[in-house]
Amino acid sequence: YSFGTAMELGECTRNPGYQEADREADRAADITTTNGPEESRDSTGVCLDSDAVEYTQIKPFAGMPKEVLLLYSSQARYRVPREILFWLTVACTLALVALSITVIALSPRCLSWWQVSPVYQVYLRSFKDSDGDGVGDLQGLQEQLHHFQYLNIKSVWITPFYRSPMRDFGYDVEDFKAIDPLFGTMHNFEELLAEMHSKGLKLIMDFIPNHTSDKHRWFNLSRTRDEHYKDYYVWADCNATAPKPNNWVSVFGNSSWTYDEVRGQCYLHQFLKEQPDLNFRNPHVRKEMIDILHFWLGKGVDGFRMDAVKHLLEATHLRDEPQVDPNKPPDSVTSEWDLHHDYTTSQLGLHDLLREWRAEMDKFSREPGRYRFMVTESYDYHEVDKTMMYYGTTLVKESDFPFNFYLLDLPQNTSGLWVQHLVHLWMSNMPRGQWPNWVVGNHDKPRITSSAGRRYIHVINMLLLTLQGTATTYYGEEIGMENINVTQSQIQDPAGKYNASASRDPQRSPMQWSGDMNAGFNNKTNITWLPVHPDYSRVNVEAQKKEEGSLLAQYRFLNTLRQSELPLQRGWFCFVHADINVFSYLRELDGLDRAFLIVLNFGKESAVTDLSTVSELPDQLMVLMSTDRENDGKVLHKSRILTAAGEGLVIQYSTYTRFNPSHPMQCYVSEKACYLAAIDILYKC
């Protein structure tokens, strides 16, 4: 054979490599027909005496027989490259698998939708009226979805729209599975939800488990002692003339007990008498509430804000609660502040309830991209450790976070030291690895622009959007809306009807969309359920969109910056300075060559901040954004950073030197991650 190797062909051995084999086969058929079987041998067969002729092939050929293939495949020049390629392929495959596993194992968890964007609270009655009745509704909200897109908001929390007698504006629920006609229909809700999802928005509902309306079917059946429903509420023996079962006081004032003539007993209500408390020690009640969760989760709702959770359970012994002032006559105890609420709040079993609801929500979170969010509302004031319990434990999760209301106290003392104290209060008590959040206003508290002062609203929004964690924005805060003045005859809030100074109406005025009639809230009639603030012609969305340095423009810029910059999104938060005027902190990410210095002046005068002792900062710093646009782009020396009262600075700088390794007591991070620039990835470190 070729290359000096002889191959002997046996008698009549076929050479399949012969290129004219097919043509010769055709001729062989003709010969067979003509000459008979003796002459019908395949023309491609070569009948040779094995000793007479030696067949030699110069090189391998296509279609060579197995014997030839085996001969050549065993030669080193063919075998070695083949083996090298084989093992190289195996090694590359294993390396890619190992690299993939390593990247997956070392990659930090992706932030969820409720972490990347502020949560925007819509007080539905006041957001946008679509039908001219003076009350905001679901269709009105749908008309304004573009506002959230403009602000780069992803998460929208909507206050209650369940069917309700409206004694507490929807927080007294008559039917948990129906929409109140005042706000629209179930079809309107489904259309709203579908459009929100199509725009990449998430809808968070208010869930009100503590109580129902006294018009609810369950309560009517319970008061008639229906066998199934008789223990759905908290009942106690008393009569119309005898003393109440104990001294418990409602959040709205006066006794928490009301006598029901139909049943002949008193029922508990920790809020209005039209809001009887459910009995969560009854397993049927627990099942009913889980069914309600399933109903709305099944429709596609993305999360729930759990209302008034600390009130869910009460002590069964019904003992009197201790008075704050033991010398005060018991008959004069009429306010919730007169008692220590040892038996009506945060009772044993509360967290079991919340964990049960969390588990039910997790069943609906298994679909990729459809995580169901849970936030709890509980005003625990100085008992911050009680609030932190709503995060759950390392083994069992409860809420994604409890609302952090401590920044509501910011107006008490507008100074850098006070703001640092309020921020540190949460960060230092938050369980390790949990996610913080920040609230400066809601439908129950005065608007921050009114309580802190208009000069501070810019710097407060900068604080919210540059701190680590999720900010909550109450509608109108992005444009600086203020409280309205409400006369006695205009009061709508039931709390205000008990005590005019406690009215929550001032912070619930209609959203100011434009300088048109009714601030654009109601374009069809001249009716609004509460008066519009008189400054609406100046303070409105439309006007501020046209002004480059407006509060709205700054809110939008900061929110977009936060979502695009890793240090602001998930990096370290480090205190660097606080004094009577200024609060300053860093946002940085290990491995990334850029970081941010935030300088906020909450004082009453201009201040010069000297950060020369912070060696990790470069000497020259350039202002990326100031709440005073004239200072944008200015270059400052770190020993002399000048800010006016109410001014905030976002300073971006470049350095690989990090502050957090040498100052662990001043720094916090929820989920530590590092950046690897070589391949542009985050990894656990």
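Predicted model only: the values in this text are computed from it and were never measured. (Residues numbered from 1 in each chain as written. Predicted model: local features only at pLDDT ≥ 70, side-chain atom pairs only at ≥ 80, totals over all residues. Heavy atoms only, no water.)

K.L.:
Break down the state of the cysteines for me, with residues and values.
P.N.:
Applying the stated criterion across every chain yields a total of 3 disulfides. The disulfide that involves C238 links it to C266, with 1.8 Å between the sulfurs. Residues C238 and C266 are joined by a disulfide whose S-S torsion is about 95°; by sign, that bridge is right-handed. Taken as a pair, C238 in the loop between β8 (235-236) and β9 (257-260) and C266 in strand β10 (residues 265-268) lie far apart in primary sequence, 28 residues in all. Of the residues examined, C238 reaches a relative accessible area of 12% and is grouped as buried. Using a relative accessible area of 0% as the deciding quantity, one classes C266 as buried. One disulfide bridge connects C674 with C685, the sulfur atoms lying 1.9 Å from each other. Here the disulfide of C674 and C685 is right-handed, its torsion about the S-S bond being about 85°. Residue C674 is located in strand β25 (residues 674-676), and its partner C685 is located in the segment after β26 (681-683); the two are separated by 11 residues in the primary sequence. The class for C685 is partly exposed, based on a relative accessible area of 42%. (Disulfide = S-S within 2.5 Å. Helix = DSSP H or I, 4+ residues; strand = E, 2+ residues; numbered from the N terminus. Buried < 20%, exposed > 50% of the residue type's maximum accessible area, 1.4 Å probe, protein only.)

K.L.:
I'd like a description of unusual backbone geometry, backed by residues and values.
P.N.:
A negative phi angle characterises most non-glycine residues, just as the trans form characterises most peptide bonds. At M166, a residue that is not glycine, the phi angle is positive and equals roughly 65°. Locating M166 in the fold gives a position in the loop between β5 (162-163) and β6 (175-179). In this structure, L318 takes a positive phi of about 60° despite not being glycine. Note that L318 resides in the loop between β11 (303-306) and α10 (350-363).

K.L.:
I'd love a proper account of the sheet that holds β10, names of residues and values included.
P.N.:
Spatially, 3 strands are ordered β8-β10-β9 in an open sheet, and the strand pairing comes out antiparallel. Strands at the two margins of the open sheet, each flanked by one partner only, are β8 and β9. As paired strands, β9 and β10 are joined by 4 bridges and run antiparallel to one another. Within β10, the residue paired with T258 across the bridge is Y267. (Pairing = 2+ DSSP bridges.)

K.L.:
Which residues make up the UniProt feature "domain: Glycosyl hydrolase family 13 catalytic" (unreviewed entry) in the protein, and what are the values?
P.N.:
Mapped onto this numbering, the UniProt entry annotates "domain: Glycosyl hydrolase family 13 catalytic" (unreviewed entry) at residues 121-508. In residues 121-508, the share of helix is 27% and the share of strand is 12%. The end C-alpha atoms are 12 Å apart. (UniProt positions renumbered as here; feature names shortened; annotations may be inferred.)

K.L.:
Give a description of the sheet that holds strand β7 (residues 202-207) that names residues and reports values.
P.N.:
Strand order across the open sheet formed by 8 strands is β13-β12-β11-β7-β4-β3-β15-β14, with parallel pairing between neighbours. Edge positions in the sheet fall to β13 (401-402) and β14 (437-439), since each of these pairs with one other strand and no more. Here β7 runs beside β11; their pairing, made up of 4 bridges, is parallel. What sits directly across from F207, in β11, is M306.

K.L.:
Describe the UniProt feature "transmembrane region" (unreviewed entry) in the protein, listing the residues and the values that go with them.
P.N.:
UniProt's entry tags residues 84-106 with the feature "transmembrane region" (unreviewed entry), counted in the numbering of this structure. For the annotated span residues 84-106, helix accounts for 100% and strand for 0% of the residues, and the straight-line distance between the end C-alpha atoms is 32 Å.

K.L.:
Mind laying out the environment of Y232, listing which residues take part and the relevant values?
P.N.:
With respect to the helices and strands, the residue Y232 is situated in the loop between α8 (217-223) and β8. Sequence separation of Y232 and N279 is 47 residues, and the distance between their C-alpha atoms is 5.3 Å. Contact partners of Y232, with chain neighbours within four places excluded, come to W218, S222, D277, L278, N279, N282, H284, V285 and E288. Within the structure, the side chain of Y232 is placed 2.8 Å from the side chain of E288, a separation counted as a polar contact. (Contact = heavy atoms within 4.5 Å. Polar contact = N/O pair within 3.5 Å; in protein donor to acceptor, adjacent residues only side chain to side chain.)

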